[in-house]
Amino acid sequence: MINLKKLFRRKKGQGALEYLFMIAAALIIIFVVVRYISSSGQQATQQGDIAALQSQAELAKSNLQAKNLWNDNWKVTANNTESSVINIQDSKVLYSVNLTGTTYGSEVETAIESGNYGSKTFDQLYDMCIQENDETGCKILITLGESKWIEK
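Residues numbered from 1 in each chain as written. Predicted model: local features only at pLDDT ≥ 70, side-chain atom pairs only at ≥ 80, totals over all residues. Heavy atoms only, no water.

Engineer: Sorry, what's going on with the overall build of the chain here?
Structural biologist: Helices and strands together make up the secondary structure of the chain, namely 5 helices and 5 strands. Across the 152 residues that make up the chain, the buried fraction comes to 32%. A sequence separation of at least 24 residues applies to 62% of the contacts in the chain between residues at least 6 apart. Accessible area of the chain: about 10,600 Å², with a carbon and sulfur share of 53%. (Helix = DSSP H or I, 4+ residues; strand = E, 2+ residues; numbered from the N terminus. Buried < 20%, exposed > 50% of the residue type's maximum accessible area, 1.4 Å probe, protein only. Contact = heavy atoms within 4.5 Å. Areas by Shrake-Rupley, 256 points an atom, 1.4 Å probe, with all protein chains shown as cover.)

Pasting the structure below:
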């Protein structure tokens with residue numbers, strides 16, 4: 001006959017050390033998941049920021065086109081005689097643009113004076129902003145839209 005006592009005998013519980021290992025494993029899994037989620041959220045935030053800049057740059061381009069102040073071949077150059085002013089030119093200086101009071105004025109002035117963005121055409125800046133996700137290119141276009149233009 002089957003020994004029922006042996007069949008239904010209670011087994012001893014797991015040791016405390018095994019429980020600690022299970023808790024440690026669960027904490028590691030939770031840490032990895034939280035880390036992954038937070039990095040994904042940070043990437044989404046950065047993409048949202050550049051998308052906002054791109055939409056502002058599109059709006060600035062539309063406003064400049066409406067005022068007949070947009071030409072794909074015009075270049076943005078530094079103005080070495082006046083601070084907070086940049087020049088818009090083709091073969092000659094057409095406009096001076098005052099950056100004072102604009103959202104990104106000081107950043108734009110620094111970027112253009114550094115030479116990295118000086119002598120870029122409007123078309124190049126637009127492509128850098130929209131296609132290459134270049135924040136500075138977007139900020140230059142936004143600043144051009146916000147600025148006061150003085151015809152030379």
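Engineer: Can you help me understand the sheet that holds strand β3 (residues 93–98) in this one?
Structural biologist: Consider a sheet: its strands pair through backbone hydrogen bonds, and that pairing is either parallel or antiparallel. Taken together, 5 strands build an open sheet; the order of strands is β4-β1-β2-β3-β5 and the sheet is antiparallel. Edge positions in the sheet fall to β4 (120–121) and β5 (148–151), since each has one partner strand and no second. Bridge count between strand β2 (residues 85–89) and β3: 5 bridges; the pairing is antiparallel. Paired with Q89 across the bridge in β3 is V93. (Pairing = 2+ DSSP bridges.)

Engineer: Any chance you could explain the environment of W149 here in plain terms?
Structural biologist: With respect to the helices, strands and loops of the structure, W149 is situated in strand β5. Linking W149 and I86, residues 63 residues apart in sequence, is a C-alpha distance of 9.7 Å. With near-sequence residues (within four places) excluded, W149 lies in contact with L64, L69, W74, I88, Y95, S96, V97, F122 and L144. A polar contact of 3.0 Å, which involves the side chain of W149, links it to the backbone oxygen of L144. (Polar contact = N/O pair within 3.5 Å; in protein donor to acceptor, adjacent residues only side chain to side chain.)

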